[in-house]
Amino acid sequence: MIEKLYNNLIHTTRSFTNSIDRRNIEERNIVISTLTDMINRISFMMRTDAESKILENRLIKEMKKLSKEMFVKTNNKSVYLKKVQRNIDYLAWVNKNRKINLSGRNCTVGQKEIFFAYLGDNIGSEQNGRRPVIILQNNTGNTKGNTTIIAPVTTHKKSIKYDKTVHRYYVKIIQNGIERRKYLDFYEVPLRLENNPSGLYGFVNVMHLREIDRKRIDSSCLGIATDQCFRNIIKAINKNLDCS
């Protein structure tokens, strides 16, 4: 079938080329334009196919490298199982990341508002997972842009305590078998909401503020920080960046 089509193409092209009056500039230009277009189309298809193969080979190579890294065994079963679980979490985020990236931006956000957002599977001490965040960016940027600036919120799993003597929050930790208090630093700001200013929703960690696309937002608004709380957050950011 392909050979027959190829022969028909050659025959038709030759007949078309020989049928014109080559002294006629208009007819000659039509043939030149038609043949040039055919050559360009075939060349483009061949080039695209070659590029596809190159990209596919690169993709396979990267997947092989990833697979090799993910299945390195150790003699310590506990360490190995933790590593496997970590790799599962990473691949789950890769799949989730693709889904988020292909989704639309389904909500608008406002400064001081709290939402859940997917922060991803990140590196080292960076904040991970789906967690509450507070919107820091001004509403001009929130309205006109596809991204916003946030800081993550943590609740310390309700283990937070308040020391009235030094007027600071702390959590109890075990270190070398001894229980001690770990006081929260300036960059963990108590988060209070407009509808419950006397209650404590959590803590805003300004050490981890970052820009995110609104595609990462995964809830309706959970609440709005009080004006005083937001001023405290900005104060902590300025201190962290030494913007005095």
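Since this is a predicted model, take the numbers as computed values, not measurements.

### Things to note about the packing of aromatic side chains
Next, step 1: Throughout the structure, instances matching the rule amount to 4 aromatic pairs.
Next, step 2: An angle of 75 degrees between the planes, with centres 5.1 Å apart, marks the rings of Tyr169 and Phe203 as edge-to-face. You can see Tyr169 sitting in strand S5 (residues 168-175) and its partner Phe203 sitting in strand S8 (residues 202-205), a full 34 residues away along the chain.
Next, step 3: On the basis of an interplanar angle of 80 degrees and a centroid distance of 5.5 Å, the ring pair of Phe186 and Tyr187 is categorised as edge-to-face.
Next, step 4: Among the aromatic side chains, those forming a connected cluster through ring pairs are Tyr162, Tyr169 and Phe203.
Next, step 5: When the ring centre of Phe186 is taken as origin, the NZ or CZ atom of Lys239, which lies over that ring, is 4.7 Å away.

### Observations regarding the sheet that holds S5
Next, step 1: One open sheet accounts for 3 strands, arranged S4-S5-S6; its pairing is antiparallel. Every interior strand has two partners, whereas the edge strands, strand S4 (161-163) and strand S6 (178-183), have only one. With direction set aside, neighbouring strand axes in the sheet form an average angle of 50 degrees.
Next, step 2: Pairing of S4 with S5, which is carried by 3 bridges, proceeds in the antiparallel orientation.

### Considering the pattern of salt bridges
Oppositely charged side chains can pair when the atoms bearing their charge come close.
Next, step 1: Counted under the stated rule, the structure contains 8 salt bridges.
Next, step 2: The partner of Arg105 in a salt bridge is Asp213, and the shortest N-O contact between them spans 2.9 Å. Highlighted residues: Arg105 in the loop between helix H3 (77-102) and strand S1 (113-118) and Asp213 in strand S9 (residues 210-213), separated in sequence by 108 residues.
Next, step 3: A residue is classified by how much of its surface remains accessible, and Arg105, at 34% relative accessible area, is partly exposed.
Next, step 4: Exposure remark for Asp213: the relative accessible area of 22% places this residue in the partly exposed category.
Next, step 5: Across the salt bridge formed by Asp163 and Arg181, the nearest N and O atoms sit 2.9 Å from each other. One end of the pair, Asp163, is in strand S4; the other, Arg181, is in strand S6, with 18 residues separating them in the sequence.
Next, step 6: Under the relative-accessibility criterion, Asp163 is labelled buried at 10%.
Next, step 7: We classify Arg181 as partly exposed; its relative accessible area is 39%.

Conventions and cut-offs
- Residues numbered from 1 in each chain as written.
- Predicted model: local features only at pLDDT ≥ 70, side-chain atom pairs only at ≥ 80, totals over all residues.
- Heavy atoms only, no water.
- Phe/Tyr/Trp six-rings, centres within 6.5 Å; stacked < 30°, edge-to-face > 60°.
- Helix = DSSP H or I, 4+ residues; strand = E, 2+ residues; numbered from the N terminus.
- Lys NZ or Arg CZ within 6 Å of the ring centre and 35° of its normal.
- Pairing = 2+ DSSP bridges.
- Axes fitted to C-alpha atoms, helices over the stretch in contact; angles between N-to-C directions.
- Salt bridge = Lys/Arg side-chain N within 4 Å of Asp/Glu carboxyl O.
- Buried < 20%, exposed > 50% of the residue type's maximum accessible area, 1.4 Å probe, protein only.

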